[in-house]
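Each chain, letter by letter, is given below.
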Amino acid sequence: MNIEPHNLIDPLREKLPHLIRHEKQYRMIHRQLMKKWFQYFVLFFIIGSICSIIYSSFEESAPYHNILYAFNYLASFIFTIEYGLRIVAAPVQYASCNHAWKARLRYLFSFYGLIDFVAIIPFMVIYVYKETPHVHLVVLAYVLIIFKLIRYSRSFQMIGTVLRTVREELVTAYTACGIMLGFSGILMYYIAQPEAFENIGDGFWWAIVAFTTVGYGDIYPITPLGRLLSSIISLIGIAMIAIPTGIISSAFMSMLIEKKQKEKNNSSM
């Protein structure tokens, strides 16, 4: 049986306005999510929730417990609406995906998608675990909403860009630091101070404290050989820890200089 070409095109023509209409809705929602008023609105509830969690840890907050609880619940409701809108508008944000469901899955399992999901956990389960010991688990997850600030902070975004730029150098530097920490902890336990360290874990803890120059003083060598080894390892540790710090600082300064140069070129044009 022969099928004429226009019979194949007609169903596509019927679906085309439907697809365009949905694409317009996605773009409209995405534009609203990117507007400053919406970002400031969500930012207000993020900062307010963080402040309320901090204040609720003080005894003076007891008379305002219900108010703080209501504000956090309202904030979770706002975050839930935002989460739903971002799922709907995901095809616009991830335009490289061929299908809308792929774009939404990509958002759901992205860093921001997971943080947005954590932010709505209290809204979903707070009534189930209210006035029970499990409510602390909900609050603990809710503290992670501080990472939502990254989306609305240019400073955090710049730091993330810098870290991505030098990620290979940082991996190399921290690998070297990890090797040195392991070597120092094991050496201190087996050779210098077997009587001062209960296990190799104590050696690792001492090595981290010595490398970072924190100096808690809870674990330390007591024999002359142990102190000599500790001095050498501490001096080497200072140099090792300075390497990633220098890498990040250099990359950060290069990005600032490049940004100022672009602004200067744009202003001259």
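Residues numbered from 1 in each chain as written. Predicted model: local features only at pLDDT ≥ 70, side-chain atom pairs only at ≥ 80, totals over all residues. Heavy atoms only, no water.

Some remarks on the packing of helix 10 (residues 154–165) against helix 13 (residues 224–268)
The criterion, for reference: All axes here are fitted lines through C-alpha atoms, helices being fitted over the stretch that makes contact, and every angle between N-to-C directions spans 0 to 180 degrees. Helix and strand assignments come from DSSP, with helices taken as H or I runs of at least 4 residues and strands as E runs of at least 2, each series counted from the N terminus. For classification purposes, an angle smaller than 35 degrees is called roughly parallel, one larger than 145 roughly antiparallel, one from 65 to 115 roughly perpendicular, and anything else oblique. By convention, the crossing between two helices is left-handed when the near helix turns anticlockwise from the far helix through less than a right angle, and right-handed when the turn is clockwise. Working rule for contacts: check all heavy atoms of both residues, and any pair within 4.5 Å makes them a contact. When residue character is reported, Ala, Val, Leu, Ile, Met, Phe, Trp, Tyr, Cys and Pro are called nonpolar, Asp, Glu, Lys and Arg charged, and the others, Gly included, polar.
At their nearest, the axes of helix 10 and helix 13 sit 9 Å apart, and the two run at 120° to each other. By the angle class used here, helix 10 and helix 13 are oblique. Helix 13 is crossed by helix 10, and the crossing has right-handed handedness. Contacts between helix 10 and helix 13 pair M158, T161, V162, L163 and T165 from the former with I248, A251, F252, M255, L256 and K259 from the latter. Its residues assigned to classes, the contact of helix 10 with helix 13 comprises 8 nonpolar, 2 polar and 1 charged.

A look at the side chain of D202
If you trace the backbone, D202 turns up in helix 12 (residues 200–211). Sequence-distant contacts of D202, defined by excluding residues within four places in its chain, comprise F197 and I219.

Things to note about the packing of aromatic side chains
We count it as follows: Geometry of aromatic contacts follows a simple scheme: Phe, Tyr and Trp rings, the Trp one being its six-membered ring, pair when their centres are within 6.5 Å, and the pair is stacked under 30 degrees between planes, edge-to-face over 60, tilted otherwise. Our definition puts a charge over a ring when NZ of Lys or CZ of Arg is within 6 Å of the ring centre and also within 35 degrees of the ring normal.
In the structure shown here, the tally under the stated rule is 8 aromatic pairs. Relative to F45, the ring of F41 has its centre 5.1 Å away and its plane inclined at 70°; by these criteria the two rings are edge-to-face. In this pair, F41 and F45 are both assigned in helix 2 (residues 36–55), 4 residues apart and thus about one turn of the helix distant. Every member of this aromatic cluster is reached through a ring pair, and the members are F41, F44, F45 and F71. The ring of F79 has K148 sitting right over it, with the charged end atom 5.0 Å from the ring centre.

Here we look at a nonpolar patch on the surface
Counted only if it meets this: Each patch is assembled from residues with relative accessible area greater than 30% and no salt bridge, linking like charges that lie within 9 Å and nonpolar side chains (Val, Leu, Ile, Met, Phe, Trp, Tyr) that lie within 5 Å. Areas reported as accessible are Shrake-Rupley estimates using a 1.4 Å probe. Residue values count occlusion only from the protein chains shown. The salt bridge definition used is simple: a Lys or Arg side-chain nitrogen within 4 Å of an Asp or Glu carboxyl oxygen.
Nonpolar side chains collect at one region of the surface, where I186, Y190, I191, F204, L225, L228, I232 and I236 lie side by side and expose about 760 Å² of accessible area between them. In terms of residue count, the dominant contributor to the nonpolar patch is helix 13 (4 residues). Mapped onto the secondary structure, L225 falls in helix 13.

With respect to the nonpolar core
Quick note on the threshold: Within this scheme, the nonpolar core is defined by two criteria: the residues are buried Ala, Val, Leu, Ile, Met, Phe, Trp, Tyr or Cys, and they are joined through side-chain atoms within 4.5 Å. Remark: exposure states derive from per-residue accessible area (1.4 Å probe, protein chains only) relative to the maximum for the residue type, with buried under 20%, exposed over 50%, and partly exposed in between.
Core analysis: the biggest nonpolar cluster contains 22 residues, and V42, I46 and F79 have the highest contact counts within it. Elements with a contribution of two residues or more to this core: helix 1 (5–34), helix 2, helix 3 (65–88), helix 5 (100–108) and helix 9 (149–152). Of the residues forming this core, the biggest block, 6 residues, is contributed by helix 2. Listed in part, the 14 residues of the second largest apolar core include M180, L187, M188 and A210.

Considerations on the pattern of salt bridges
The full count for this structure, using the stated rule, is 4 salt bridges. Here E82 ties to R86 by a salt bridge, and the two come within 3.0 Å at their closest N and O atoms. Of this pair, E82 and R86 both sit in helix 3, 4 residues apart, which is roughly one turn of the helix. According to the relative accessible area criterion, R86 is buried, its value standing at 7%. Residue E258 pairs with K262 through a salt bridge whose shortest N-O separation is 3.7 Å.

Re the packing of helix 2 against helix 3
One way to put it is that helix 2 packs onto helix 3 with a least axis distance of 10 Å and a crossing angle of 145°. Crossing handedness for the pair helix 2 and helix 3: left-handed. Residue-level contacts link F38, F41, V42, F44, F45, I46, G48, S49, S52, I53 and Y55 of helix 2 to L68, F71, N72, L74, A75, I78, F79 and E82 of helix 3. When grouped by side-chain class, the residues that make up the contact of helix 2 with helix 3 number 14 nonpolar, 4 polar and 1 charged.

Examining helix 3
Note the following rule: What a helix should span is 1.5 Å times the count of its residues minus one.
The terminal C-alpha atoms of helix 3 lie 35 Å apart, and with 24 residues this matches the ideal 34 Å at 1.5 Å per residue to within 8%. Within helix 3, burial applies to L68, N72, A75, S76, I78, F79, E82, Y83 and R86.

These figures capture arrangement, not role.
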